[in-house]
Amino acid sequence: MLKSILFTALSFLAFSSIAQRNTPDWAQNATIYEINVRQFSKDGTFAQVTKQLPRLKSMGVDILWLMPIHPIGVKNRKGSLGSYYAVQDYKAVNREFGDLNDFKALVNKAHELGMYVIIDWVANHSSPDNVWLDQGHKDWYTLDSTGNVQPTIGTDWWDVADLNYDNQDMRKEMISSMKYWVQECNIDGFRCDVAGWVPMDFWMQARKELETVKPLFMLAESEGADQHQAFDMTYGWEFHHIMNEIAQGHKNVSAVAEYAAKCDTLWPSETMKMYFNTNHDENSWNGTVQERMGDLGNAMYVLASMIQRSFPLIYSGQEAGLNHRYPFFTKDTVGVEWSSPHAQADFFAQMLALKHEHHALFNGELGYDMNLDIDTATNSMMIVRSKEGEEDIVAAVFEFSELPNPFDIPQNLDLVIDVNGAQVWASKLD
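On a predicted model such as this, the values are computed, not experimentally measured, just so you know.

Q: Sorry, what's going on with the overall build of the protein chain here?
A: Looking only at helices and strands, the protein chain features 12 helices and 16 strands. If one aligns the C-alpha atoms of the protein chain with their principal axes, the spans along those axes are about 70 × 50 × 40 Å. Looking at the protein chain as a whole, 57% of its 430 residues are labelled buried. At a minimum sequence separation of 6, the contacts of the protein chain that also span at least 24 residues come to 73%. Total accessible area on the protein chain is roughly 17100 Å²; 48% of this is exposed by carbon and sulfur atoms. The distance from the centre of the 33 positive side-chain charges to the centre of the 58 negative ones in the protein chain is 6 Å.

Q: Could you clarify how one ought to interpret unusual backbone geometry in this entry?
A: Glycine aside, the phi torsion of most residues is negative, and most peptide linkages are trans. Its identity is not glycine, yet Asn76 carries a phi of approximately 60°, on the positive side. When you line up the elements, Asn76 lands in the loop between strand 3 (63-66) and helix 3 (100-112). What makes Asn76 partly exposed here is its relative accessible area of 39%. In this model, Arg309 sits at a positive phi of 75°, which is unusual for a non-glycine residue.

Q: Honestly, the pattern of salt bridges in this entry has me stumped. Any pointers?
A: Pairing of side chains with opposite charge becomes possible as their charged atoms draw close. By the definition in use, this model includes 18 salt bridges. Residue Arg191 is joined to Asp193 by a salt bridge in which the shortest nitrogen-to-oxygen separation is 3.1 Å. In this structure, Arg191 and Asp193 share a single accessibility class: buried. A salt bridge links Asp264 to Arg309; its shortest N-O distance comes to 2.8 Å. Within this pair, whereas Asp264 is found in helix 8 (residues 254-266), its partner Arg309 is found in the loop between helix 11 (297-306) and strand 11 (313-315), the two being separated by 45 residues in sequence. Residue classification places Asp264 among the buried residues on the basis of a relative accessible area of 7%. Each of the salt bridges in this network shares a partner with another, and the network as a whole consists of Asp120, Arg191, Asp193 and Glu221.

Q: Would you take a moment to explain the confidence of the model for the protein chain for this structure?
A: The predicted coordinates should not be examined in detail at positions where pLDDT is low. When pLDDT is averaged along the protein chain, the result is 93, and 94% of the positions lie at 70 or above. Across residues 1-19 the pLDDT falls below 50, and counting only partners more than four positions away or on other chains, this stretch makes 48 contacts in the model.

Q: For this particular structure, what's the right way to read helix 3?
A: Residues spaced three or four apart along an α-helix face the same direction, because each turn holds 3.6 residues. Look at helix 3: 18 Å from first C-alpha to last across 13 residues, which is about the 18 Å you get at 1.5 Å a residue. Phe103, Leu106, Val107 and Ala110 are the residues of helix 3 that are buried. Across the axial projection of helix 3, the buried residues extend over an arc of 90°, all falling on one side. Exposed residues lying more than 90 degrees from the buried face of helix 3 are Asn101 and Glu112.

Q: What exactly am I supposed to notice about the pairing of strand 16 (residues 422-427) here?
A: Regular strands place their side chains on alternate faces of the sheet. The buried fraction of strand 16 amounts to 5 of the 6 residues, a majority that puts the element mostly inside the structure. Strand direction decides the pairing type here: strand 14 (residues 394-399) and strand 16, joined by 5 bridges, are antiparallel. If you follow Val394 over to strand 16, its bridge partner there is Ala426. Between strand 15 (residues 413-419) and strand 16, which pair antiparallel in sequence order, lie 2 residues; one of them, Gly421, sits at a positive phi of approximately 90°.

Q: Help me understand the packing of helix 2 (residues 46-59) against helix 3, please; the structure alone is not making it clear to me.
A: Relative placement of two packed helices is described by the angle separating their axes and the distance separating the axes. Contact geometry of helix 2 with helix 3 gives a least axis separation of 9 Å together with a crossing angle of 10°. With respect to helix 3, the axis of helix 2 lies roughly parallel. In this structure, helix 2 contributes Phe46, Val49, Thr50, Leu53 and Pro54 to the contact, and helix 3 contributes Asp102, Phe103, Ala105, Leu106, Lys109 and Ala110. Considered class by class, the residues forming the contact of helix 2 with helix 3 number 8 nonpolar, 1 polar and 2 charged.

Q: Help me out: how do you make sense of the environment of Leu100 in this one?
A: For Leu100, the location among the structural elements is in helix 3. For the pair formed by Leu100 and Asp139, sequence separation is 39 residues and the distance between their alpha carbons is 30 Å.

Q: Just to check I follow, could you spell out helix 11 for this structure?
A: With 10 of 10 residues buried, helix 11 lies mostly within the body of the structure. Taken together, the buried positions of helix 11 are occupied by Gly297, Asn298, Ala299, Met300, Tyr301, Val302, Leu303, Ala304, Ser305 and Met306.

Q: Where do I start with the nonpolar core in this structure?
A: Soluble globular proteins: nonpolar side chains tend toward being buried together. Phe103, Phe190, Trp203 and Val302 are the most contacted members of the largest nonpolar core, which has 114 residues in total. If sequence neighbours within four positions are ignored, Phe103 has contacts with Phe46, Leu66, Ile69, Val93, Ile119, Trp181, Cys185 and Ile187. Listed in part, the 16 residues of the second largest apolar core include Met233, Trp237, Met274 and Phe276.

Q: Even after reading the chapter, I still don't get the environment of Lys387, so can you show me in this structure?
A: With respect to the helices and strands, Lys387 occurs in the loop between strand 13 (380-386) and strand 14. Each C-alpha atom, one on Lys387 and one on Asn130, is 52 Å from the other, the two residues being 257 residues apart in sequence.

Q: Looking at this structure, how should I read the packing of aromatic side chains?
A: Each pair of aromatic rings is reported with the distance of its centres and the angle of its planes. Under the criterion given, the structure shown has 32 aromatic pairs. Geometrically, the ring pair formed by Trp26 and Tyr116 is stacked, given 3.8 Å between the ring centres and 5° between the ring planes. With Trp26 in the loop between strand 1 (2-7) and strand 2 (32-35) and Tyr116 in strand 4 (residues 116-121), the pair connects residues that are 90 residues apart, well separated along the chain. Classification of Trp26 by relative accessible area gives partly exposed; the value is 22%. Here the aromatic rings of Trp121 and Phe190 are separated by 5.6 Å at their centres, their planes lie at 80°, and the arrangement is edge-to-face. In this pair, Trp121 is assigned in strand 4 and Phe190 in strand 7 (residues 189-192), connecting sequence segments 69 residues apart. Following the ring pairs from residue to residue traces out a cluster consisting of Phe46, Phe97, Phe103, Tyr180 and Trp181. A cation sits over an aromatic face here: Arg38 above Tyr84, 4.2 Å from the ring centre. Here the guanidinium or amino end of Lys273 rests over the ring plane of Trp267, the centre of that ring lying 3.8 Å away.

What counts and how
Residues numbered from 1 in each chain as written. Predicted model: local features only at pLDDT ≥ 70, side-chain atom pairs only at ≥ 80, totals over all residues. Heavy atoms only, no water. Helix = DSSP H or I, 4+ residues; strand = E, 2+ residues; numbered from the N terminus. Buried < 20%, exposed > 50% of the residue type's maximum accessible area, 1.4 Å probe, protein only. Contact = heavy atoms within 4.5 Å. Areas by Shrake-Rupley, 256 points an atom, 1.4 Å probe, with all protein chains shown as cover. Lys, Arg positive; Asp, Glu negative; His and termini not counted. Charge placed at Lys NZ, Arg CZ, Asp CG, Glu CD. Salt bridge = Lys/Arg side-chain N within 4 Å of Asp/Glu carboxyl O. pLDDT = per-residue confidence, 0-100. Expected span 1.5 Å × (residues − 1). Arc of directions from axis to C-beta. Pairing = 2+ DSSP bridges. Axes fitted to C-alpha atoms, helices over the stretch in contact; angles between N-to-C directions. Parallel < 35°, antiparallel > 145°, perpendicular 65-115°, else oblique. Nonpolar A, V, L, I, M, F, W, Y, C, P; charged D, E, K, R; others polar. Core = buried A, V, L, I, M, F, W, Y, C linked by side-chain atoms within 4.5 Å. Phe/Tyr/Trp six-rings, centres within 6.5 Å; stacked < 30°, edge-to-face > 60°. Lys NZ or Arg CZ within 6 Å of the ring centre and 35° of its normal.

Encoded structure:
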């Protein structure tokens, strides 16, 4: 049966507090790329990342998200190099990556190219040998029955110590540490690890104080709708899992319609969600794009780019055909020479150009309405992003079976993307 569903965003008084933060103008049609510094090159250094910035810029990348750049704890360390997310000193850089001047050079080069840098921030926990403990701040941590620091309850993160947000002095120093990177290195924002496990009033206070320095872009590793009180963008974990299940044949296109309807009840139109076919967690723990999505990986990236509220992510090495899992606690590398041409780089360049050039796909409320048609009989669907009175239209058809789809493409559009499982048409540009 062919169903046509027009999704329009709803407004809720519950989200009146969203106005308390202002998304930077430069994020309106920005794209984001996650950099795993350790695995990004053979040397695993800031300097090697800096060398690749012109290439990333030419591909269409705007925002560079660097996984944690801080020194990693030694106590209870996992693996030979430890987890990036076991921070030993919030105001220092991991010497394996280089020194502070190397990091500043990276940020300066990015800004010179018109790009922006956000860094991963781990506010829920630190390493159990963080400098704060050396300074006598044991009361800044959650303590067990014997009075010792403990990991976050309910996890197997035995290489970290949970932080105590009832302690106002700790909160003040955490914000001071964040502000250090904005003032000292002129970074443009933060990706905040397990943000939903940290009190919302802290994030709201932090953003207010940080933006006395400059406007920032804030990404929460959280799916909670309430996170948009402090954050510009949240994760799209649920939709990622839906894409995996469709690619594996466990769900059909009706799951996309149900998810889109759910979004309209939870997230106002101005919110932005980061969708992805992989990231550092998925790649290391759950498998490569090929392992999880087979030959539909590119189609799923197209879907992640077309659905309303989308702010799609590219992960280190995807543009070079990354086909293996990076180990999380030891050294690896992308395994390619960046200078070698790869078809995936062309694919991503085309997709990022669509985001830049077509207002229909702009981020948040600046993007146009989404019209979703699904056909469960052929397990296919069509998404059209358009707005009444505007000529700019982007349409995509997704085919997840061998049966022909029943959709009619809007007239006067050019075919611009053609990958297995998905085709994209867009209005002609002047």
